[in-house]
Amino acid sequence: MSQIAQEVSIDLGERSYSIAIGSDLMGNTASYECLPRARTALIVSNSTVAPLYASALRAALAGRYAQIHELQLPDGEEFKNWETLQLIFDALLSNGCDRKTVIFALGGGVVGDMTGFAAASYMRGVPFVQVPTTLLAQVDSSVGGKTAINHPLGKNMIGAFYQPQLVVCDLAVLDTLPKREFSAGLAEVIKYGPISDMAFFDWLERNMDALIAHDRDALAHAVRRSCEIKAWVVGQDEKETGLRAILNFGHTFGHAIEAGMGYGVWLHGEGVGAGMVMAAELSRRLGLVDNGFVARLNLLIQRAGLPTKGAVLDAADNAGRYLELMRVDKKSEAGEIRFVLIDGPGKAMVRSAPDDLVREVIDACCA
Ligand code: NAD
Ligand code: GLY
């Protein structure tokens, strides 16, 4: 039974598009009516998600495209690289896909980021659609046009800004998501509160149990509000010349955790959760927020089922390794690390901090 979808618009002039949010949207033909007609479509998914959902997506698209090809990528952050990207180009070329071919990214953020990058570069750009199947992808990665692969020396270092034509967030597919992955997605939901909307943070405190129980109304609100905030930020600063950096709250530490532990050891959302605690603690030590705020954030992240401590990297000098990894963050300027800090609850700022203070925070949060 299909539910009426809620819609959030991303306002980017001729690159504007809609995010549809609701239950049972993925397998519904009506969800794709706004898309351009084409001879071929390619569904890119992975070895976990394709067996669950590719046939339903294919059935919904059958009337629109004469040929629908499918590609299953290996599953895992460790495969978010050149070699796997090449598999998408191989599929596009060997199936005679042309400039009008529509590519569908069916999966979490890894599939979405790689497929988006392939769409941005195949024949210098073909239309693509995000059908995110993780909570993290529905509230963050499928929206806003950041696409990328990892490099062994840094996370998401090779990529492009390339907007999809449509995002279809089907809440029903979250029912098969492993609990750990669901919690990882909650980290990206939580981040929107401290950076821009403390009323949403209050709502999350009241509704965390309902979210964990996959209550559909609670999920619809969390996904919609997250997408609205992201749409508002991206609408003002698509290419991250300033404001958009606030969406990286927790990510400077978080990316160091992912790269320093080895991609896939801690999930992206787990790194972001622990990273938000570190960034909040750094904000506190810089006098920007009080202890009460840090404690509230810490508790909410724990209630989401996420680790808040213990992100120790594989190095003799743990804090030194963090600093080394964070210097290659995309926000760094001339080797100076720039952190997204909370400048009072609900307001974010980007600035540097003394290495000694950052070391103290890392030592305190990794203990
Ligand atoms: P993911 O894509 O690895 O998916 C997590 C796991 O869940 C995978 O094993 C996947 O196969 C499985 N899965 C997906 N949907 C499922 C479902 N419905 N049922 C059962 N299993 C399912 O991880 P993710 O957390 O979705 O995304 C993380 C990635 O997103 C990272 O690479 C991160 O860098 C990227 N990211 C990008 C942006 C952006 O703006 N582009 C923002 C945030 C994160
Ligand atoms: N996930 C951060 C961004 O999209 O800018």
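Participant: What is the right way to look at the site of ligand 1 in this model?
Facilitator: Contacts to ligand 1 come from 28 residues, most closely from E77, K80, T133, T134 and T176. Between D113 and ligand 1, the recorded distance is 2.9 Å, taken from a side-chain N or O atom to a nitrogen atom. Note that a nitrogen atom of ligand 1 is positioned 2.9 Å from one of the backbone N or O atoms of V173. Protein chains bury 92% of the 860 Å² of accessible surface belonging to ligand 1 in isolation.

Participant: What should I look at first to understand the packing of aromatic side chains in this one?
Facilitator: The geometry of an aromatic ring pair comes down to the distance between the two centres and the angle between the two planes. All chains considered together, the criterion is met by six aromatic pairs. When the ring of Y32 is compared with that of F104, the centres are 6.0 Å apart and the planes differ by 75°; the resulting orientation is edge-to-face. With a gap of 72 residues between them, Y32 in the loop between β2 (17-22) and β3 (40-46) and F104 in strand β5 (residues 102-107) connect regions that are remote in the sequence. Taken individually, Y32 and F104 each receive the classification buried, so the pair is uniform in this respect. Look at W82 and F117: their rings are 6.4 Å apart centre to centre, the planes differ by 50°, and that puts the pair in the tilted class. With W82 in helix α2 (residues 82-94) and F117 in helix α3 (residues 109-121), this pair connects stretches of sequence that are 35 residues apart. Using a relative accessible area of 11% as the deciding quantity, one classes F117 as buried.

Participant: How should the site of ligand 2 be read in this particular structure?
Facilitator: Inspection of the region around ligand 2 gives D140, K146, K191, K230, E240, R244, L247 and N248 as its neighbouring residues. D140 is positioned with one of its side-chain polar atoms (N or O) 3.1 Å from a nitrogen atom of ligand 2. Between an oxygen atom of ligand 2 and a side-chain N or O atom of K230, the distance comes to 2.6 Å. Starting from 200 Å² of accessible surface for ligand 2 in isolation, the protein chains cover 91%. Class assignment of the residues belonging to the shell around ligand 2 gives a composition of one nonpolar, one polar and six charged.

Participant: What exactly am I supposed to notice about helix α6 (residues 198-212) here?
Facilitator: Two residues of an α-helix separated by three or four positions point the same way, owing to the 3.6 residues in each turn. Taking 1.5 Å of rise per residue, the 15 residues of α6 would be expected to cover 21 Å, and the 20 Å separating its terminal C-alpha atoms lies within 8% of that figure. Of all the bends found along α6, the most pronounced is centred on R206 and spans about 60°. Among the residues making up α6, those that are buried are M198, F200, F201, W203, L204, N207, M208 and L211. Those residues of α6 hidden inside the fold are in contact with α5 (179-196), α7 (216-236) and α10 (291-303). The residue sitting at the N-terminus of α6 and contributing the capping side-chain oxygen is D197; that oxygen lies 3.1 Å from the backbone nitrogen of A199. Just beyond α6, the residue with positive phi is H214, at close to 60°.

Participant: Quick question: what am I supposed to make of the side chain of E281 here?
Facilitator: Tracing the chain through its elements places E281 in helix α9 (residues 268-285). If we skip the residues at most four places from it in the chain, E281 touches V294, V361 and C365.

Participant: Looking at this structure, I do not really get the sheet that holds strand β9 (residues 166-170). What am I missing?
Facilitator: Strands belonging to one sheet form pairs held by backbone hydrogen bonds; the direction of such a pair is parallel or antiparallel. Strands sit in the order β1-β2-β9-β6-β5-β3-β4 across an open sheet of seven strands; the sheet is mixed. Here the strands that pair on one side only, and so sit at the sheet edges, are β1 (6-10) and β4 (67-73). Here the average twist between neighbouring strands, direction ignored, is 15°. As defined by bridge partners, β2 adjoins β9 across five bridges and the pair is classed as parallel. Note that in β9 the partner of I21 across the bridge is C169. Sheet strands touched by α2: β3, β4 and β5. Its angle to β4, the strand with the most contacts, is close to 160°.

Here is what the cut-offs are and how they apply
Residues numbered from 1 in each chain as written. Chains lettered and ligands numbered in written order. Predicted model: local features only at pLDDT ≥ 70, side-chain atom pairs only at ≥ 80, totals over all residues. Heavy atoms only, no water. Near = heavy atom within 4 Å. Polar contact = N/O pair within 3.5 Å; in protein donor to acceptor, adjacent residues only side chain to side chain. Areas by Shrake-Rupley, 256 points an atom, 1.4 Å probe, with all protein chains shown as cover. Phe/Tyr/Trp six-rings, centres within 6.5 Å; stacked < 30°, edge-to-face > 60°. Helix = DSSP H or I, 4+ residues; strand = E, 2+ residues; numbered from the N terminus. Buried < 20%, exposed > 50% of the residue type's maximum accessible area, 1.4 Å probe, protein only. Nonpolar A, V, L, I, M, F, W, Y, C, P; charged D, E, K, R; others polar. Expected span 1.5 Å × (residues − 1). Bend = angle between axes of the 7 residues up to and from the residue. Contact = heavy atoms within 4.5 Å. Pairing = 2+ DSSP bridges. Axes fitted to C-alpha atoms, helices over the stretch in contact; angles between N-to-C directions.

That's the geometry; what it means functionally is another story.
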